[in-house]
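Coordinate analysis (summary)
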Amino acid sequence: TQSTWGCYFFFMDDELEATLKNVIEQTTLKWVFVGGKGGVGKTTCSTSLAVLLTKVRSKVLIISTDPAHNLSDAFGQQFTGEPTIVNGFDNLFAMEIDPNLMTNKFSLGNDNMAIHKIISSLPGNDEIMSFFEIIRQLQATTFDVVVFDTAPTGHTLQLLHLPELAFKLSENFGSKFQEFSGMMQQFQQMAPMLGVPVTANQNLSLENFEVIQKLIETTWKEFTNPDLTTFVCVCVPEFLSVYETERLIQDLIEHDIDTRNVLVNHVLIPESDCNSNLFIKRTEMQQKYISQIHDLYGGDFHIVQLPLLEREIRGVKDISAFSQMLVDPTILAEGKHWTLLENKD
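One structure accompanies this document, and this report is about it. (Residues numbered from 1 in each chain as written. Predicted model: local features only at pLDDT ≥ 70, side-chain atom pairs only at ≥ 80, totals over all residues. Heavy atoms only, no water.)

1. Some thoughts on the overall build of the protein
Each helix and strand in the protein was counted, giving 13 helices and 8 strands. Long-range pairs, those at least 24 residues apart, make up 74% of the contacts in the protein with a sequence separation of at least 6. In the form shown here, the protein has an accessible surface area of approximately 15,900 Å², with 51% of it arising from carbon and sulfur atoms. (Helix = DSSP H or I, 4+ residues; strand = E, 2+ residues; numbered from the N terminus. Contact = heavy atoms within 4.5 Å. Areas by Shrake-Rupley, 256 points an atom, 1.4 Å probe, with all protein chains shown as cover.)

In structure tokens:
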């Protein structure tokens, strides 16, 4: 389909609908991850998706697992490590995980500094803390659906692999419980964070360890269940972003994590009288990569194009307006996006 400005939007007959309606309408979904390369607009897309979900779900949580949090900036209010109601909503909550604070939740005395140092120095420490918070949310969550505004791709892949890795480690560790009983006593420091009751004078029992192992197993099963979990990929039409998106999708498929939506953000749409050579060249470049994205994923993925707008998306009104383009492709195709943010200040 060719737009008014001569730019092409790819809506092929054999392609899936270019919207996120499939995510909004799948009422069984419990976990929705939104991720991609750094700087592609993940927070804008994840907050927009969360806003849309509030229209069909009774209680929605958006949680940032990126150490460089952007939710507070996006919504224009301060969030913490506990679910906080988003201004303007009665069913949307937000929280930002601080890995440093999460680590400090362990009640470590002088005799237990070794485990503290180990946790702090582990590769992917941020993701480990995020994963433990996910498990904590799993235990007594009252949210219908949780949207994750994730860290850049490399960190996100580590996070998604942690349940599988932790489960394998726990299986091997549990089989040698007696042999490593001293180490298991150190592990009890993690138990309160996971919601496992352990008193100050009580050693971590095999029974409690098995509870933790069961939580890890349940988490991984939920992440790999397409009825409960899906991953929405966000990219921009540039080589590095498209390459990293392909790597992300292949990794998700390899680990049986459902993914069927690609958001192509920051698409340039010049006005009819635009004669800027820079705009023309950049638009041609973007269209080349958009075409490649459709060649790679057309027919299997819902591919949604989102324009680069004249100003950044900030605040509930902007996010709510932007979210419309996730479910209505005609806004971009018919040039309605130019007026989308009008009178939203």
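Right, picking up where we left off after that structure.
2. With respect to the sheet that holds strand E7 (residues 259–267)
Here we have 8 strands laid out as an open sheet, ordered E3-E4-E2-E5-E1-E6-E7-E8, and mixed in their pairing. Here the strands that pair on one side only, and so sit at the sheet edges, are strand E3 (84–85) and strand E8 (302–307). The sheet contact formed by strand E1 (residues 31–36) and strand E6 (residues 229–235) spans 6 bridges and is parallel. Within the sheet, the bridge partner assigned to Val32 lies in E6 and is Thr230. Together, E1, E6 and E7 form the strand contacts of helix H10 (residues 239–254), whose direction differs from that of E6 by roughly 170°. (Pairing = 2+ DSSP bridges. Axes fitted to C-alpha atoms, helices over the stretch in contact; angles between N-to-C directions.)

3. What about the packing of aromatic side chains?
All told, the structure shown has 9 aromatic pairs when counted by the stated rule. The interplanar angle of 90° and the centroid separation of 5.3 Å between the aromatic rings of Phe33 and Phe223 together place this pair among those described as edge-to-face. Highlighted residues: Phe33 in strand E1 and Phe223 in helix H9 (residues 206–223), separated in sequence by 190 residues. For Phe33, a relative accessible area of 0% puts it in the buried group. An aromatic cluster is present here, built from Trp31, Phe33, Phe148, Phe223 and Phe231 joined pairwise through their rings. Note that Lys59 overlies the ring of Phe93, its terminal NZ or CZ placed 5.2 Å from the centroid. Over the ring of Phe143 we find Lys59; its NZ or CZ atom is 5.0 Å from the centre of that ring. (Phe/Tyr/Trp six-rings, centres within 6.5 Å; stacked < 30°, edge-to-face > 60°. Buried < 20%, exposed > 50% of the residue type's maximum accessible area, 1.4 Å probe, protein only. Lys NZ or Arg CZ within 6 Å of the ring centre and 35° of its normal.)

4. Notes on the nonpolar core
Ranked by internal contacts, the top residues of the largest apolar core, which has 41 residues, are Val32, Leu49, Ile62, Leu92, Val232, Leu263 and Leu306. The leading source of residues in this core is helix H2 (residues 42–53), at 6 residues. Excluding residues within four positions of it along the chain, Leu263 makes contact with Leu20, Cys45, Val232, Cys233, Val234, Cys235, Val304, Leu306 and Leu326. Core analysis: the next-biggest nonpolar cluster, separate from the first, contains 31 residues, Val146, Phe231, Ile269 and Ile303 among them. (Core = buried A, V, L, I, M, F, W, Y, C linked by side-chain atoms within 4.5 Å.)

5. Focus on the pattern of salt bridges
Throughout the structure, instances matching the rule amount to 5 salt bridges. Linking Lys30 and Glu222 is a salt bridge whose minimum nitrogen-to-oxygen distance equals 3.6 Å. Here Glu222 lies in helix H9 and Lys30 lies in the loop between helix H1 (21–24) and E1, a separation of 192 residues in the sequence. Residues Lys30 and Glu222 agree in their burial class; the two are buried. Across the pair Arg260 and Asp258 runs a salt bridge, and its minimum N-O distance is 2.7 Å. Relative accessible area serves as the criterion here: at 16%, Arg260 is assigned to the buried category. (Salt bridge = Lys/Arg side-chain N within 4 Å of Asp/Glu carboxyl O.)

6. Some thoughts on unusual backbone geometry
Although it is not a glycine, Asp256 adopts a positive phi angle of roughly 60°. Relative to the helices and strands, Asp256 resides in the loop between H10 and E7. In this structure, His266 is a non-glycine residue whose phi angle is positive, near 65°.

7. As for the packing of H10 against helix H11 (residues 277–297)
The geometry of H10 relative to H11 is characterised by a closest axis approach of 10 Å and an angle of 15° between their N-to-C directions. One finds that H10 runs roughly parallel with respect to H11. Regarding H10 and H11, the two cross each other, and that crossing is right-handed. Where H10 approaches H11, its residues Phe239, Val242, Thr245, Glu246 and Ile249 are matched on the opposing element by Tyr289, Ile293, Leu296 and Tyr297. Taken together, the residues of the contact of H10 with H11 sort by class into 7 nonpolar, 1 polar and 1 charged. (Parallel < 35°, antiparallel > 145°, perpendicular 65-115°, else oblique. Left-handed = near helix turned anticlockwise from the far one by under 90°. Nonpolar A, V, L, I, M, F, W, Y, C, P; charged D, E, K, R; others polar.)

8. Some thoughts on a nonpolar patch on the surface
On the surface, Phe239, Leu240 and Tyr243 cluster together into a nonpolar patch covering about 360 Å² of accessible area. Looking at the secondary structure, you find Leu240 in helix H10. Residue classification places Leu240 among the exposed residues on the basis of a relative accessible area of 53%. (Patch = residues over 30% accessible without salt bridge, like charges linked within 9 Å, V, L, I, M, F, W, Y side chains within 5 Å.)

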